[in-house]
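Per-entry structural report
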Amino acid sequence: MRTWLPPRLLGLTAATLLVLTAACSGSDAAGDTAGSTAGPAPASPTGTGSPSPPPTADDAPATPSPSTAPSGRGEALPGFPGLQPLWPFATLAEAGSWERAFRSDGSQPWHRDPEQTALSFTQGYLGFSGIDRVTSRDVTGREARVGVGPSGTEGTEGSGTAAVIHLVRYGAGPDAPWEVVGTDEADFSLTSPAYGATVGTPLRAGGRITGVDESVRVDVRQPSTEKVLGTTCCLSAGGRNQPWTSTVTFSGARDPVLTVVASTGGHVAEVERFTVTAVRTR
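Residues numbered from 1 in each chain as written. Predicted model: local features only at pLDDT ≥ 70, side-chain atom pairs only at ≥ 80, totals over all residues. Heavy atoms only, no water.

1. Overview of the overall build of the chain
In terms of regular secondary structure, the chain is built from two helices and nine strands. Beginning at the N terminus, the succession of helices and strands in the chain can be written as α-α-β-β-β-β-β-β-β-β-β. For the chain, buried positions account for 56% of its 282 residues. Surface summary for the chain: the accessible area is close to 11,100 Å², and the carbon and sulfur share equals 52%. (Helix = DSSP H or I, 4+ residues; strand = E, 2+ residues; numbered from the N terminus. Buried < 20%, exposed > 50% of the residue type's maximum accessible area, 1.4 Å probe, protein only. Areas by Shrake-Rupley, 256 points an atom, 1.4 Å probe, with all protein chains shown as cover.)

If you want it as structure tokens, here you go:
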């Protein structure tokens, strides 16, 4: 099983993580596409476990089923119909395998912490280097919403929150790990393609944005590979609740669930806001 680990998390609090930021390559907004590589592997978690070596493409995840045992890849999360498993586990079997290992030797305890999981998602999977602190936390039962943002933006509007990441417990056990399933919509949204929609390439992405002189980048990613499957940058956008749209071509998709991520920044941080959605492959 492939699990991204944040190398610098060991001994640190989730709000002080350091990472590398995904840089936006300059090309024209309306449909320029170019390949790029994912950001660095995430850091190692706080707790009693030792950091694991960087994951390989063959260690990747897959996907679960409502409250029964999984029958294969591309199923829904147990107890959360309609939600898609984005990261770090892709199947209920993978999550259960980690849970058994944790009970046995306490390995990778960061999976039990929604803050560390949220930051590891932004750092190790999305490759957003400046997103290194937690700005808010709301945990209710088996769901959590964790706000994350870049350092140096604490005094900005919204406490410098770049995104609010939605997580759920993946499985029914007491030690079930946290799984990222998406982000909450705010003044920067990604509404097309629809969450959970089946997509092909090229993919038309869009939503709404509020801001000034924004530069929107769109990436398509999958957990099993470090390289970005496709990217397009940089779409000029701005205004108040204005629509934005861009087209991205991607290749190499093999996971059943992909992550489409739109990001913008450049004023006070490289990445100041981002939003993600989950889509399914044909």
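2. As for the environment of Pro-109
Counting through the fold element by element, Pro-109 comes out in the loop between α1 (92–105) and α2 (114–125). Sequence separation between Pro-109 and Glu-99 is 10 residues; the distance between their C-alpha atoms is 9.5 Å.

3. Quick word on the sheet that holds strand β8 (residues 257–264)
The mixed open sheet is built from five strands, whose spatial order is β5-β9-β8-β6-β7. Sheet topology places β5 (198–199) and β7 (230–248) at the edges, where each strand pairs with a single neighbour. As defined by bridge partners, β5 adjoins strand β9 (residues 273–281) across two bridges and the pair is classed as parallel. Each residue of the ladder has a partner; that of Val-199, found in β9, is Thr-281. (Pairing = 2+ DSSP bridges.)

4. Observations regarding the environment of Gly-82
Considering the arrangement of structural elements, one finds Gly-82 in the segment before α1. Each C-alpha atom of the pair Gly-82 and Gly-196 lies 7.5 Å from the other, and the pair is 114 residues apart in sequence.

5. Re the pattern of salt bridges
Enumeration over the complete set of coordinates arrives at nine salt bridges. A salt bridge links Arg-103 to Glu-99; its shortest N-O distance comes to 2.9 Å. Residue Arg-103 and its partner Glu-99 are both found in helix α1; the two are separated by four residues, about one turn of the helix. The salt bridge involving Glu-115 is made with Arg-137; its shortest N-O contact spans 3.4 Å. Note that Glu-115 is positioned in helix α2 and Arg-137 in strand β1 (residues 131–140), a separation of 22 residues in sequence. In this structure Glu-115 comes out as buried when scored by relative accessible area, which is 18%. Taking relative accessible area as the criterion, Arg-137 reaches 46% and is therefore assigned partly exposed. (Salt bridge = Lys/Arg side-chain N within 4 Å of Asp/Glu carboxyl O.)

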